[in-house]
Every structure is written in structure tokens, then in C-alpha cells.
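Observations on the model geometry
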Amino acid sequence: MKKMRFEKWQLIVLSVFYIVFGIISAAVPREQFLTFFNILGLIIMVIGAFSIFIYFLRKDYLEEHNFQVAFGALYIMAGMIVWLKPELIVSNYPLVFAGCVVIDSAIRLQYSMNLFRMKDQGWLWVFVSALAAIALAAVILLADLGHDLQRILLTALLCFDGISNLATLFYERIALKKYYHGAKVEVEVVDGERIEHRK
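Residue positions are given per chain, counting from 1 as you read along its sequence in written order. Predicted model: local features are reported for residues with pLDDT of at least 70 only, side-chain atom pairs are reported and counted for 80 or more only, and whole-chain, interface and lining totals are derived from all residues. The side-chain figures draw on all heavy atoms in the structure; neither hydrogens nor water molecules are used.

**Thoughts on the overall build of the protein**
Stated formally: Secondary structure follows DSSP: runs of H or I at least 4 residues long count as helices, runs of E at least 2 residues long count as strands, and numbering of each begins at the N terminus. The classification of residues rests on relative accessible area computed with a 1.4 Å probe and restricted to protein chains. Under 20% of the type maximum is buried, over 50% is exposed, and intermediate values are partly exposed. The contact criterion used throughout is that any non-hydrogen atoms of two residues lie within 4.5 Å. Where accessible areas are quoted, they stem from the Shrake-Rupley method and a 1.4 Å probe; at the residue level, only the protein chains shown are allowed to cover.
Helices and strands together make up the secondary structure of the protein, namely 6 helices and 2 strands. The N-to-C order of helical and strand elements in the protein reads α-α-α-α-α-α-β-β. Considering the protein as a whole, with its 199 residues, one finds that 36% of them fall into the buried category. At a minimum sequence separation of 6, the contacts of the protein that also span at least 24 residues come to 70%. Only carbon and sulfur atoms are counted for the fraction: they give 70% of the accessible area of the protein, which is about 12,100 Å².

**Re the pattern of salt bridges**
Working definition: two side chains of opposite charge can pair if their charged atoms are close together. Rules: Within this document, salt bridges are pairs made up of a side-chain nitrogen of Lys or Arg and a carboxyl oxygen of Asp or Glu, the two lying within 4 Å of each other.
Inspection of the entire model under this criterion finds 2 salt bridges. For the salt bridge of D104 with R108, the shortest nitrogen-to-oxygen distance reads 3.9 Å. Separated by 4 residues within a single helix, D104 and R108 lie in helix α4 (residues 86-117), roughly one turn from each other. A residue is classified by how much of its surface remains accessible, and R108, at 1% relative accessible area, is buried. Its salt-bridge partner being R108, residue D161 comes within 2.9 Å of it at the nearest N-O pair.

**What about the environment of I81?**
Along the chain, I81 falls in helix α3 (residues 68-84). On the accessibility criterion, I81 (38% relative accessible area) is partly exposed. The spatial distance from the C-alpha of I81 to the C-alpha of F37 is 9.9 Å, given a sequence separation of 44 residues.

**Re the confidence of the model for the protein**
Condition: Scored between 0 and 100, pLDDT is the confidence that the predictor attaches to each residue.
Of all residues in the protein, 84% have pLDDT values of 70 or greater, and the mean over the chain is 82. Confidence, expressed as mean pLDDT per element, reaches its minimum in the protein at strand β1 (residues 185-190) with 54 and its maximum at helix α5 (residues 123-142) with 95.

**A look at α4**
Formally: Consider a residue and the seven residues that end there alongside the seven that start there; fitting an axis to each set, the bend is the angle between those axes.
In α4, a bend of some 85° at N92 exceeds every other bend along the element, and P94, a proline, comes one to four places later. Where α4 terminates, the next one or two residues include K119, which has phi positive at roughly 60°.

**Points about a nonpolar patch on the surface**
The cut-off we apply is this: Residues qualify for a patch when their relative accessible area is over 30% and they have no salt bridge, like charges being joined within 9 Å and the nonpolar side chains of Val, Leu, Ile, Met, Phe, Trp and Tyr within 5 Å.
Nonpolar side chains collect at one region of the surface, where L42, M77, M80, I81, W83 and L84 lie side by side and expose about 540 Å² of accessible area between them. Ranked by residue count, the leading element in the nonpolar patch is α3, at 5 residues. Mapped onto the elements, L84 comes out in helix α3.

**Notes on the packing of α4 against α5**
Keep this limit in mind: Every axis in this analysis is a line fitted to C-alpha atoms, fitted for helices over the stretch in contact. Angles between the N-to-C directions lie between 0 and 180 degrees. Angular relationships are summarised with four words: roughly parallel below 35 degrees, roughly antiparallel beyond 145, roughly perpendicular across 65 to 115, and oblique for the angles in between. Handedness of a crossing is defined here by the sense of rotation of the near helix relative to the far one, left-handed for an anticlockwise turn of less than a right angle and right-handed for a clockwise turn.
As a packed pair, α4 and α5 sit with axes 8 Å apart at the nearest point and diverge in direction by 160°. With respect to α5, the element α4 is oriented roughly antiparallel. Of the two elements, α4 crosses α5, and the hand of that crossing is left-handed.

Right under this line is the structure:
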């Protein structure tokens with residue numbers, strides 16, 4: 001079984017952050033978030049720099065769709081904005097986080113399709129959880145909500161999405177282990193692309 005990739009560790013950290021921030025945002029006034037987002041911006045920049053550093057240590061850098069340097073640079077840029085202009089995030093943080101949830105829920109949709117092609121029955125709950133998170137995020141982004149209701153929905157969204165991400169990663173790891181152990185799979189690398197031959 002391969003070690004967990006750096007990208008999945010990023011998703012684990014993000015999911016834990018969602019849960020913690022979802023709980024905090026329900027109890028702390030938004031005016032007290034400035035220092036928090038200053039620190040968060042620095043953390044995001046460090047993650048971006050570390051992502052670029054990891055790229056130069058990886059042996060599979062020719063793997064298709066490997067955009068680790070590009071995403072690392074985006075992390076650094078986003079971190080600088082959060083660090084230097086935290087008031088922009090504080091005034092719009094429900095919309096910002098709802099948009100982030102839409103993006104990582106789309107990633108969870110991809111995980112569900114991977115499970116579907118593996119003929120794993122768990123694909124459906126992953127698919128439904130991703131759609132539910134996207135739908136709730138859309139309500140926060142598009143509906144004209146009161147401040148209190150918006151905070152309640154954001155707390156529910158972040159906690160639900162964080163837990164769903166962690167459950168999906170855990171389940172997919174088990175499913176992949178069963179998939180590779182259930183049949184003989186030969187892996188061939190051609191021009192940097194992994195090709196699986198299942199027997």
C-alpha cells in the first residue's frame with residue numbers, strides 16, 4: 001500500500017480546520033477574526049512553499065496532471081491576500097468558505113467516480129454527500145440570508161464537509177486496499193503515466 005500522498009494530507013488538514021473554524025465561527029463575533037486570519041494567511045503561505053518543495057523531492061514529477069508547483073504558487077498568493085488584507089476575508093468569510101467548500105466537494109465527486117469505476121458500493125454515499133455540501137454552499141452563496149442564519153448554515157456546512165472529507169479519505173484508502181488485494185494488478189509507467197492492467 002502506497003504512503004498517503006501530500007495532497008491528501010492537505011485535504012485532511014483543511015477538513016480539520018473546517019470543523020474547528022465552523023465551531024468557532026458560531027461563537028466568536030466576526031470582528032475578532034482579524035488576528036486569526038493574519039495567522040491563517042501565514043500558514044497558507046507555508047503550505048504553498050512546502051508544496052513546491054515537495055515537488056522537487058518527488059520521483060513521479062512526470063505524472064500526468066501534476067500541478068503541484070502551480071497550486072503551491074496559488075497557495076502563496078492566497079496566503080498573502082489573507083495575511084495582508086484580512087479585513088476583506090472577515091467581511092465576506094461566509095461566502096469565501098462556501099466557495100472553498102464547493103471546490104473541495106467537487107474533488108469528493110471525483111473520489112466517488114473513482115469508487116464507482118472500481119465497482120465499490122460506497123460510491124453513492126460519497127456522491128450524495130458531495131452534492132449535499134454543494135447544494136448547501138449554493139444556498140449560502142446565492143440566497144439573501146440574515147447574518148445569524150448565515151452563520152448557523154456556515155457552521156453546519158463546514159462541520160458536515162470536514163467530516164465527509166475525512167470519512168471519504170478513510171473509506172477510499174480501505175477500498176483501494178481491497179481493490180488491489182482482490183485481484184492481481186500490474187502497473188506500467190509509460191511516458192510518466194501510470195497504466196493499470198487488472199487480471
